[in-house]
Amino acid sequence: MALKDRLNAITRPIQMIWLSIQLHYNAFKEALRNEGVSSLMNPQRIRDAATSTLFITHSHGFIAYENTTVVPSLVHAAHGKILELGPGPGNQIHRFDPSQVDFIYAIDPNPCYGDEIAARVKKLDLQDKYKLLACGVEDSDILIQEGITEGSMDTVLSIQVLCAVGDVKSVMKAVWKLLKPGGYFIFWEHERNKDAGTALAQACLNSAWSTFLGCSLNRDIKADILAAGEWENPGDIEMAEEPYSCLPRIWGVLKKKA
Ligand SMILES: C[S@@+](CC[C@H](N)C(=O)[O-])C[C@H]1O[C@@H](n2cnc3c(N)ncnc32)[C@H](O)[C@@H]1O
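What comes next concerns the included structure. (Residues numbered from 1 in each chain as written. Predicted model: local features only at pLDDT ≥ 70, side-chain atom pairs only at ≥ 80, totals over all residues.)

On to the environment of Asp224, then. Tracing the backbone shows Asp224 in helix 9 (residues 221-226). Asp224 sits in the partly exposed class, given 19 other C-beta atoms within 10 Å. Sequence-distant contacts of Asp224, defined by excluding residues within four places in its chain, comprise Val168, Lys169 and Met172. (Helix = DSSP H or I, 4+ residues; strand = E, 2+ residues; numbered from the N terminus. Buried ≥ 20, exposed ≤ 12 C-beta atoms within 10 Å, placed from the backbone. Contact = placed C-beta atoms within 7 Å.)

Right, dumping it as structure tokens:
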């Protein structure tokens, strides 16, 4: 039984990798058709196009799965001036509580999500409260121009983004600084499994997964969150009991020490 569960748990990531390889091939052909061989000089554009196609076309499935988890209530708790890291296609936009939101700044370095997010923001009539910036959380110059400065955010939201950023430690330190004293870091992430067998499977899959899905399977996200700065409630991080999952979730609402 355990062997069957283990095999099932690695089948899904392999299917996702295969799907993404096909989308990368399609994006590569499209770029070659439109821009000729010069498109090969910019592989990141091909990668952005492929991963955004994957996350946009599977958006409904991700939303439906997250509806069975704590994600809706986590996003609903975001309030005030909010920084949403890596919104991707905007799967969380409908989960914010508009009565609690002053403004949402969403930052994502992949520029291919703009149209999808704009459509969702319009449908929810949130145009006056939502702004997408095509940059990463590391791009402090762009953030400062928008007034996203140290101690300015009531909430920073991160739903499956710390797996995708370049360096979690420095991103988390930046996030901690951006929060107001007493501000909240709300997150739902996945990390390296505590089960040694599953951690081995994650290590084996990680290079293909990170190449084609754009995120890492085996980070110690909890340690980097806790090391970012002082939190009022560091013990409030929760972890799902998923010994065979390659994407075991951790989540929490941490309050920056005032
Ligand atoms: C798995 S997707 C998560 C999408 C979304 N948060 C959701 O709930 O469905 C990860 C996102 O993080 C974005 N990302 C990667 N590096 C980033 C960075 N340095 N700063 C902000 N977002 C980043 C990616 O472009 C991608 O859209």
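Once that is clear, we can look at the packing of helix 1 (residues 2-35) against helix 2 (residues 43-57). Remark: helix 1 packs on helix 2, axes separated minimally by 8 Å, with the N-to-C direction vectors making an angle of 130°. When the axis of helix 1 is compared with that of helix 2, the two are oblique. When you trace helix 1 past helix 2, the crossing you get is right-handed. Across the interface between the two elements, Leu19, Ser20, Leu23, His24, Ala27, Phe28 and Ala31 from helix 1 touch Arg45, Ile46, Arg47, Ala49, Ala50, Thr53 and Leu54 from helix 2. For the contact of helix 1 with helix 2, a count of residues per class yields 9 nonpolar, 3 polar and 2 charged. (Axes fitted to C-alpha atoms, helices over the stretch in contact; angles between N-to-C directions. Parallel < 35°, antiparallel > 145°, perpendicular 65-115°, else oblique. Left-handed = near helix turned anticlockwise from the far one by under 90°. Nonpolar A, V, L, I, M, F, W, Y, C, P; charged D, E, K, R; others polar.)

Taken together, the 7 strands give an open sheet; going across it, the order is 3-2-1-4-5-7-6, and neighbouring strands pair in mixed fashion. Each edge of the open sheet carries a strand with a single partner, namely strand 3 (130-133) and strand 6 (238-239). Looking at chain direction, strand 4 (residues 153-159) and strand 5 (residues 179-190) are connected through 6 bridges and run parallel. Note on strand 5: the bridge partner recorded for Thr155 is Tyr184. Across the face of the sheet, helix 7 (residues 168-178) comes into contact with strand 1 (80-85), strand 4 and strand 5 while running at roughly 145° to strand 5. (Pairing = 2+ DSSP bridges.)

This part takes up the environment of Ser39. Tracing the backbone through its elements, the reader meets Ser39 in the loop between helix 1 and helix 2. Residue Ser39 is classed as partly exposed on the basis of its 17 C-beta neighbours within 10 Å. Distance from Ser39 to Ala199, taken between C-alpha atoms, is 37 Å for residues 160 residues apart in sequence. Those residues within four positions of Ser39 in sequence are excluded, and the remaining contacts are Ala31 and Leu32.

Further remarks concern unusual backbone geometry. Even without glycine at this site, Asp125 takes up a positive phi of about 55°. Of note, Gln160 is a non-glycine position whose phi angle comes to about 55°, a positive value. Along the chain, Gln160 falls in the loop between strand 4 and helix 7. Exposure remark for Gln160: the 21 C-beta atoms within 10 Å place this residue in the buried category.

Judged by nonpolar contacts, the single largest core of 42 residues is most densely connected at Leu83, Val156, Leu157, Val175 and Phe185. Of all the secondary-structure elements, those providing two or more residues to this core are helix 4 (71-76), strand 1, strand 2 (101-107), strand 4, helix 7, strand 5, helix 9 and strand 7 (249-255). Apart from the residues within four sequence positions on either side, Val175 is in contact with Val137, Val156, Phe185 and Ala228. In this structure, Ala27, Ala31, Ile46 and Ala50 belong to the second largest nonpolar core, which totals 10 residues. (Core = buried A, V, L, I, M, F, W, Y, C linked by C-beta atoms within 7 Å.)

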